[in-house]
Amino acid sequence: MPSHQPVRRIAVVGTGVIGASWAAYYLSRGFDVVATDPAPGAEANLHKYVDSAWPALAKAGLAAGASRDGLTFTADMGRALADADLVQENAPERPEFKVKLFAEMDRAAPPDSILASSSSGITMDVMQSGCKRPERCVIGHPFNPPHIVPLVEVVGGAKTSEEVIDRAMSFYASIGKKPIRLRKALPGHAANRLQAAVYKEMLHLIQDGVLSVADAEVAVCYGPGLRWGVMGQSLQWHLGGGAGGINHFMDHLMGPLVAMMKDLKMPDVTPALKQTIIDDVVKEARGRSVEELAEAENAVLLGLLALRAEFGSTLP
Ligand SMILES: NC(=O)c1ccc[n+]([C@@H]2O[C@H](COP(=O)([O-])OP(=O)(O)OC[C@H]3O[C@@H](n4cnc5c(N)ncnc54)[C@H](O)[C@@H]3O)[C@@H](O)[C@H]2O)c1
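Each value, and the rule that gives it
Residues numbered from 1 in each chain as written. Predicted model: local features only at pLDDT ≥ 70, side-chain atom pairs only at ≥ 80, totals over all residues. Heavy atoms only, no water. 1 Å grid on protein atoms, 1.4 Å probe; cavity = no way out; pocket = protein on both sides within 12 Å on 5 of 7 lines; lining within 4 Å. Points joined across faces, edges and corners; volume = space filled by probe spheres on them. Nonpolar A, V, L, I, M, F, W, Y, C, P; charged D, E, K, R; others polar. Pairing = 2+ DSSP bridges. Helix = DSSP H or I, 4+ residues; strand = E, 2+ residues; numbered from the N terminus. Axes fitted to C-alpha atoms, helices over the stretch in contact; angles between N-to-C directions. Near = heavy atom within 4 Å. Polar contact = N/O pair within 3.5 Å; in protein donor to acceptor, adjacent residues only side chain to side chain. Areas by Shrake-Rupley, 256 points an atom, 1.4 Å probe, with all protein chains shown as cover. Phe/Tyr/Trp six-rings, centres within 6.5 Å; stacked < 30°, edge-to-face > 60°. Buried < 20%, exposed > 50% of the residue type's maximum accessible area, 1.4 Å probe, protein only. Lys NZ or Arg CZ within 6 Å of the ring centre and 35° of its normal. Contact = heavy atoms within 4.5 Å. UniProt positions renumbered as here; feature names shortened; annotations may be inferred. Parallel < 35°, antiparallel > 145°, perpendicular 65-115°, else oblique. Core = buried A, V, L, I, M, F, W, Y, C linked by side-chain atoms within 4.5 Å. Salt bridge = Lys/Arg side-chain N within 4 Å of Asp/Glu carboxyl O.

Considerations on empty space enclosed by the protein
And step 1. Under the defined criterion, the tally for this structure stands at one cavity of 30 Å³ or more.
And step 2. As a volume, the largest cavity reaches approximately 30 Å³.
And step 3. Taken together, Gly121, Ile122, Thr123, Met124, Ile139, Val155, Ala185, Leu186, Pro187, Gly188 and His189 make up the full set of residues lining the largest cavity.
And step 4. Partitioning the lining of the largest cavity into residue classes produces seven nonpolar, four polar and no charged.

Here it is in structure tokens:
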């Protein structure tokens with residue numbers, strides 16, 4: 001197996017919602033980041049985002065040598081990628097656009113660098129189709145916002161090499177992310193599908209008149225959702241099984257759970273249902289801006305991550 005330089009310089013392609021957050025995170029881990037985005041005002045917006053994210057990142061702990069001065073910006077993608085060890089692509093989610101962009105990135109980046117895409121829904125088979133070196137293309141899908149939430153879903157296309165998938169997994173783990181590897185590509189990857197499964201039932205319970213929008217939020221947030229931030233569902237069933245643990249759970253409690261799964265229904269997502277949710281979410285926000293709510297959520301998430309770290313290996 002060829003040996004590779006460790007990742008030192010990262011190029012961030014596209015600095016919208018996700019790219020700006022990745023850039024802030026990579027800077028906080030001590031990397032040099034070159035960002036590129038053709039939109040007018042992109043450079044100023046990126047600096048603004050990084051400045052606003054920095055206090056939270058500093059509180060969470062900066063890597064040695066981490067500095068916002070490590071950020072440079074160029075509208076010229078060729079220049080941005082010329083010395084990159086890893087490229088994190090975060091451009092608009094349109095298949096034909098990404099195919100063209102990946103072909104350009106493939107021409108511009110050093111042959112041995114990894115081209116990682118944040119795409120939520122386009123498979124790597126599609127994106128790598130115009131590349132001369134498709135083996136170095138991989139999906140590294142973050143959960144929003146990447147500078148706070150550790151999950152990264154890693155999945156290749158048919159032409160992606162195992163070695164690049166391994167390198168991507170090791171890289172993300174080495175910078176404090178929690179990468180998981182998907183053995184198959186599927187629409188929405190895994191975590192968004194889990195979110196969709198829960199939301200499907202929330203919509204059904206609201207539509208069926210069982211719960212108000214606000215109570216559906218409480219049911220998730222102060223019940224299972226609160227625990228999901230600590231342990232995954234399967235380990236929780238182990239706890240649910242009492243002294244007999246997961247074995248007892250499988251013997252005695254899986255049956256009723258399967259019956260409940262069979263009873264789940266697809267909601268009819270009508271304009272009226274959407275409006276009910278919009279009205280109640282606006283009430284729930286109580287006049288606070290999206291930015292204010294995001295800041296509050298990020299602060300609590302970082303607190304939870306710090307608390308988890310205190311418990312060390314007691315937690316998964
Ligand atoms: N928003 C989310 O919650 C989320 C979560 C995870 C992954 N993603 C994925 O991240 C990617 C970006 O999504 P987003 O929400 O940040 O979109 P966005 O619209 O906020 O940002 C896209 C950016 O790409 C820029 N861009 C356009 N053409 C470009 C080019 N040729 N080169 C470089 N940059 C270019 C745009 O100017 C814009 O700033 C998508 O693939 C999306 O699926 C989004």
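As for the sheet that holds strand 2 (residues 32-36)
And step 1. One open sheet accounts for eight strands, arranged 3-2-1-4-5-6-7-8; its pairing is mixed. Strand pairing shows two members of the sheet lacking a second neighbour, strand 3 (71-73) and strand 8 (178-181), which therefore form its edges. Along the sheet, successive strands turn relative to each other by an average axial angle of 25 degrees, direction set aside.
And step 2. In this structure, strand 4 (residues 86-89) lies alongside strand 5 (residues 114-117), joined through four bridges in parallel fashion.

Digging into the site of the ligand
And step 1. Surveying the vicinity of the ligand reveals 22 residues, the closest of which are Val17, Ile18, Asp37, Glu93 and Lys98.
And step 2. Note that an oxygen atom of the ligand is positioned 3.0 Å from one of the backbone N or O atoms of Val17.
And step 3. At 2.9 Å, a backbone N or O of Ile18 approaches an oxygen atom of the ligand.
And step 4. Within the complex, 73% of the 840 Å² of free accessible area of the ligand lies under protein.
And step 5. Those elements that provide at least two residues to the shell around the ligand are helix 1 (17-28), helix 4 (95-108) and strand 6 (137-142).
And step 6. Broken down by element, the residue count for the shell around the ligand peaks at three residues, all from helix 4.
And step 7. Across the shell around the ligand, the residue classes tally to ten nonpolar, nine polar and three charged.

With respect to the packing of aromatic side chains
And step 1. This structure, assessed with the given rule, holds seven aromatic pairs.
And step 2. Pairing Trp22 with Tyr26 gives two aromatic rings, centres 4.9 Å apart and planes at 5 degrees, and the pair type is stacked. Taken together, the residues Trp22 and Tyr26, both in helix 1 and four residues apart, mark about one turn of the helix. For the pair shown, Trp22 and Tyr26 are each scored as buried.
And step 3. Look at Phe171 and Tyr172: their rings are 5.4 Å apart centre to centre, the planes differ by 55 degrees, and that puts the pair in the tilted class. Across the pair, Tyr172 and Phe171 agree in class, each one buried.
And step 4. One aromatic cluster is present, built from ring pairs that chain together Trp22, Tyr26, Phe31, Phe171 and Tyr172.
And step 5. For the cation-ring pair, Arg94 lies above Phe97, with the distance from its terminal atom to the ring centre recorded as 4.9 Å.
And step 6. One Lys or Arg, Lys177, reaches over the ring of Tyr25 and ends 4.2 Å from the middle of that ring.

Looking at the environment of Ala11
And step 1. By the element assignment, Ala11 lies in strand 1 (residues 9-13).
And step 2. For the pair Ala11 and Ser161, spaced 150 residues apart in the sequence, the C-alpha separation amounts to 21 Å.
And step 3. When near neighbours in sequence (up to four residues on either side) are disregarded, Ala11 contacts Val34, Ala80, Leu81, Ala84, Leu86, Val87 and Gln88.

Observations regarding the UniProt feature "domain: 3-hydroxyacyl-CoA dehydrogenase NAD binding" (unreviewed entry) in the chain
And step 1. Per the UniProt record, the feature "domain: 3-hydroxyacyl-CoA dehydrogenase NAD binding" (unreviewed entry) sits at residues 10-183.
And step 2. Annotated as 39% helix and 21% strand, the span residues 10-183 places its first and last C-alpha atoms 26 Å apart.

Description of the packing of helix 10 (residues 233-240) against helix 11 (residues 245-263)
And step 1. One can describe the packing of helix 10 onto helix 11 by two numbers: an axis separation of 8 Å at closest approach and a directional angle of 100 degrees. On the basis of their axis angle, the class for helix 10 and helix 11 is roughly perpendicular. When helix 10 is examined against helix 11, the residues Ser234, Trp237, His238 and Gly240 are found in contact with a partner set consisting of Gly245, Ile246, Phe249, Leu253 and Leu257.
And step 2. Among the residues forming the contact of helix 10 with helix 11, the class breakdown is five nonpolar, four polar and no charged.

A few points about the nonpolar core
And step 1. In terms of nonpolar packing, the biggest core is built from 33 residues, with Tyr26, Leu46, Val138, Val154, Phe171 and Tyr172 touching the most fellow members.
And step 2. Elements supplying a minimum of two residues to this core: strand 1, helix 1, strand 2, helix 2 (42-60), strand 3, strand 5, strand 7 (151-156) and helix 6 (162-174).
And step 3. Take this core: its biggest share by element is seven residues, from helix 1.
And step 4. With near-sequence residues (within four places) excluded, Tyr26 lies in contact with Ile10, Val12, Phe31, Val33, Leu86, Gln88, Phe171, Tyr172 and Ile175.
And step 5. In this structure, Leu81, Ala84, Ala91 and Ile139 belong to the second largest nonpolar core, which totals 21 residues.

Examining the pattern of salt bridges
And step 1. In total, this model carries ten salt bridges according to the counting rule given.
And step 2. Two residues, Asp263 and Lys265, come together in a salt bridge whose shortest N-O distance is 3.3 Å.
And step 3. Bridged by salt links that share partners, the residues Glu89, Glu93 and Lys98 form one connected network.

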